[in-house]
There are 4 protein chains.
Amino acid sequence: MKKIRIGLFGFGKTGKLVANEILQDDRFELAWVVKRTRKFSEHYASRLLGGESKVGAIHAVDSLNARFYAKNPVDILVDFSSPAGYRSYREAPEAGVRIITAISKYEPEDLAVLQDMARAAAVLCSPNITLGINFLLVASQVLQKIAPHADVEIIEEHFRGKRETSGTALKIAQVLGLEKTRHVNSIRVGGIVGRHEVVFGLPNQTIRLVHESINRAAFGQGAIFGALWLADKGPGMYSMEQIVADMVSRNIPIF
Amino acid sequence: MKKIRIGLFGFGKTGKLVANEILQDDRFELAWVVKRTRKFSEHYASRLLGGESKVGAIHAVDSLNARFYAKNPVDILVDFSSPAGYRSYREAPEAGVRIITAISKYEPEDLAVLQDMARAAAVLCSPNITLGINFLLVASQVLQKIAPHADVEIIEEHFRGKRETSGTALKIAQVLGLEKTRHVNSIRVGGIVGRHEVVFGLPNQTIRLVHESINRAAFGQGAIFGALWLADKGPGMYSMEQIVADMVSRNIPIF
Amino acid sequence: MKKIRIGLFGFGKTGKLVANEILQDDRFELAWVVKRTRKFSEHYASRLLGGESKVGAIHAVDSLNARFYAKNPVDILVDFSSPAGYRSYREAPEAGVRIITAISKYEPEDLAVLQDMARAAAVLCSPNITLGINFLLVASQVLQKIAPHADVEIIEEHFRGKRETSGTALKIAQVLGLEKTRHVNSIRVGGIVGRHEVVFGLPNQTIRLVHESINRAAFGQGAIFGALWLADKGPGMYSMEQIVADMVSRNIPIF
Amino acid sequence: MKKIRIGLFGFGKTGKLVANEILQDDRFELAWVVKRTRKFSEHYASRLLGGESKVGAIHAVDSLNARFYAKNPVDILVDFSSPAGYRSYREAPEAGVRIITAISKYEPEDLAVLQDMARAAAVLCSPNITLGINFLLVASQVLQKIAPHADVEIIEEHFRGKRETSGTALKIAQVLGLEKTRHVNSIRVGGIVGRHEVVFGLPNQTIRLVHESINRAAFGQGAIFGALWLADKGPGMYSMEQIVADMVSRNIPIF
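This one's a predicted model, so the numbers in the text were calculated from it and none came from an experiment. (Residues numbered from 1 in each chain as written. Chains lettered and ligands numbered in written order. Predicted model: local features only at pLDDT ≥ 70, side-chain atom pairs only at ≥ 80, totals over all residues.)

### Description of the sheet that holds strand β11 (residues 236–238) of chain C
Residues and elements named next belong to chain C.
In step 1: With respect to topology, seven strands assemble into an open sheet ordered β3-β2-β1-β4-β5-β6-β11, the strand pairing being parallel. Edge strands, defined here as strands with exactly one partner in the open sheet, are β3 (57–60) and β11. Between one strand axis and the next, the sheet turns by 20 degrees as a mean value, whatever way the strands run.
In step 2: Each of β1 (4–9), β2 (28–35), β4 (76–79), β5 (98–101) and β6 (122–125) touches helix α8 (residues 217–230); the most contacted strand, β5, lies at about 155 degrees to it. (Pairing = 2+ DSSP bridges. Helix = DSSP H or I, 4+ residues; strand = E, 2+ residues; numbered from the N terminus. Axes fitted to C-alpha atoms, helices over the stretch in contact; angles between N-to-C directions. Contact = placed C-beta atoms within 7 Å.)

Here it is as structure tokens:
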């Protein structure tokens, strides 16, 4: 089977973990990595990650030009860089490259551009790209509809340094129609990587859907999961929540 | 709207809680209750439950005869009595009565009779009839299919006096293809009413689906849930898991 | 061994559960129960609780007089009635009766009277009299002192109908010096009986102390626990937190 | 205030994390690090950990001799190397060096040598040196004595690759007098770093003491905690459990 070729934008803390996950997965080839800076002691991502091989040629973002995607063809471009990152790969969809962007916050005008890009090739846009969180999102919405009389609360726990409310918790609150100030309970203590719990309370029973993050390599696995799904999709704007909803609907037990 | 008329078999500890839930729900009328014994100081279930009204006439099981269902018509018969209870209402389906039986353990020959009865009217047969547990059953199967590489373990906690492994935990293990002796972890301490947890472990994230029982009135709510679903169904054998799977499939978010 | 004789004030929902626990414990004799109303169909608490024996003679509160305690001697009076209840047993300590009061909220002037009563006999005054909650209180304070750099948050979960913040959670916050509006997170869903969690977050580890209430009979067990401790104590004002702190200090493992 | 000088044995995965914690703590000076191998590209631990300074001179274990501790004086030697590591620092206590060893498994004959060394200087020997786990150990023993009628179960969760039962869980079982095969429940899924829960079940309430590991740097913090405690202690054999028990006894709230 032919490997899926990946180009990666962003090589910060999360970007490195994502690169590492892709490098270790036989179904993929990490074709190249785009970094912000021109300065790098090594020319291959694999070397920077402690390996011996020469995989994932590194390019500086300002060295890109219109012919880059023709000369360095990939099937999917994965973006873990910054909200402005997409400006450097606007022309990728027209070169036949599908896009996965996991940037946490886009302004409406940025989303409009991405929508426009999605007319040429499939674009998957998901701030929290992990399988688990998106399963939580979908399962919570389903349970709320099945048990509309249940009271629902969200508890999110993160390390003390995280000031703002978890974007994932806010997204859960939004899809469940819960007012965030009343129903999102934020715990900030020590070094908790990330924990989200949705509590459904019925008079005689309680159901809890819980997601615990162990480390950010989960984003790499999410990108892989998204890439496999996206590999045969036509132009259009997609989200991980939508992918998971689609998989849920196709995997319900049959009697 | 016309009320759904319920006949109840069984008036033990759980039966009473179920009767109570039905009495408090405006969409239902508790037409009668069948008890095992002839001895009862009151003639109405409502009185035995501490109320003032006269609702739910009590009948002894050995006073029933073939014309009982014609003279005391109900839409749905709910059975919380015993594995042998169905023998006293075999002719009910032919009188147009739908059946809900929540008996925990039937032998294959009993199930064969119930299957036969299901040719005349809808029969809903579910040992654990709570909404929450059945949601856990369905959601676990879906998640296992979406994340086939996840390790799955079951933890079930109950009061010290419960000797055997939880039937619900065994059912979860069975639908997930997990060997019970290796993957069902039973905690027996104090007075825990019932707690089931399915843990899905991925390399970088953990997902937990948890159900906590508060009290057995949950079975009454489960029966009500089943009765509303069953009210317009034709002949056939159904299960709560199937109902919940059906509701899940009809409530997945659309994009 | 001589049984400890108990007199019980209050025979409401909780009072009945407490009476039941005392009746089932061989170390105690339920001598009498004081009810608010003169109307009662039975003359013995044991009968009202469904038993056959005649134990726990019932007295109406307004039939009490100064000679009551001489004529109906008990070792310990347990009060689960109301904030005003103590007014009817002010003279008990002088008759040599020790007091356990589990009333949730006293005004300062009421506490002053109880302090005064405590000069004649031991008075144990504890709004939440369960062993578990008081262990949580003591263990949390100890852990906070051992790990002063830990961030601490309190999560309390109760049934939807409980409007106010849990008094127990407020007490935990107070002894830990945590501002209640910032550090007590209240979850109100369905029928949760009561759950308190104190989360201690350190950079590389999290410690959680959790208490789950199953039913209010725990208060009866708390009263029994307190009564056994109080049985040989001299005059003075005590609390369950103090008893548990005392027991903790006498049960630390020795090396 | 004078800094506490630390010498570190072991510079593997955990050793590096421990070195890092010590380097970041102003109360300590990392005087040197002993590695197994002679081969190292850098001469200072600080450089190997990505820093610019030259702190923590690296020595090969086979270059040590009897005069090493006189020439490279430290207050405390911290050992995260291997069960055989202590053979290379046998003479350290006589040179006035206190020892902290966090090796998981010693044979009785090794312990005998350590006991012997402890006659010259304080030796702290603890397989699991984290504050949290040792608090769990002490608090569990205390609670078991206060509530001897409680049923107790241990749940330990770790990554799928961990084959054996958690040594910490076995230690908890041992101090609580619980048979390991019946009362230690091991969950092996995905990438869980480490989670230990002790469940105390009473008829009407459940108490859970939970410890969650986030990463192994917790061992570094444990070593720091132990070093501060050990700094003024005379000869003798100590354990973290003992230190924590001591701190618990000195921090119980007073009334």
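### Some details on the pairing of β6 of chain C
Residues and elements named next belong to chain C.
In step 1: Of the two faces of β6, the one holding A122 and L124 and the one holding V123 and C125 are both buried throughout.
In step 2: As judged from the three bridges shared by β5 and β6, these two strands associate in the parallel manner. If you follow T101 over to β6, its bridge partner there is C125.
In step 3: With respect to chirality, the unit in which β5 leads through helix α4 (residues 108–117) into the neighbouring parallel β6 is right-handed. (Buried ≥ 20, exposed ≤ 12 C-beta atoms within 10 Å, placed from the backbone. Right-handed = clockwise from strand over helix to strand, strands pointing away.)

### With respect to the sheet that holds strand β9 (residues 195–202) of chain B
In step 1: Ordered by their spatial adjacency, eight strands build an open sheet running β8(A)-β7(A)-β9(A)-β10(A)-β10(B)-β9(B)-β7(B)-β8(B), and the pairing between neighbours is mixed. In this open sheet, the two strands that pair with only one neighbour each are β8 (184–188) of chain A together with β8 (184–188) of chain B. Strand after strand, the sheet turns through a mean of 15 degrees between neighbouring axes, direction not considered.
In step 2: Pairing between strand β7 (residues 151–158) of chain B and β9 of chain B: seven bridges, direction antiparallel.

### Things to note about the interface of chain B and chain D
In step 1: Listed per partner, the contact involves 18 residues of chain B and 18 residues of chain D.
In step 2: Of the residues assigned to the side of chain B that touches chain D, the class counts are eight nonpolar, six polar and four charged. (Nonpolar A, V, L, I, M, F, W, Y, C, P; charged D, E, K, R; others polar.)

### Considering the interface of chain B and chain A
In step 1: Contact residues are listed per partner, giving 38 residues for chain B and 38 residues for chain A.
In step 2: Broken down by secondary-structure element, the contributors of at least two residues to the side of chain B that touches chain A are α5 (131–146), β10 (205–213), α8 (217–230) and α9 (240–250) of chain B.
In step 3: The biggest single contributor to the side of chain B that touches chain A is α5 of chain B, with 10 residues.
In step 4: Tallied by class, the residues present in the side of chain B that touches chain A amount to 22 nonpolar, 13 polar and three charged.

### Concerning the relation of the copies chain B and chain A
In step 1: Structural alignment of chain B on chain A gives an RMSD of 0.0 Å, achieved by rotating through 180 degrees and translating 0.0 Å along the axis. Those values place the two copies in the arrangement expected of a two-fold rotation axis. Rotation axis and chain B: the residue whose C-alpha lies nearest the axis is L209 of chain B, separated from it by 2.5 Å.
In step 2: Taken together, the interface assignments show that 100% of the residues at the interface of chain B recur at the interface of chain A, consistent with an identical surface on both copies. (Least-squares fit on C-alpha atoms with pLDDT ≥ 70 in both.)

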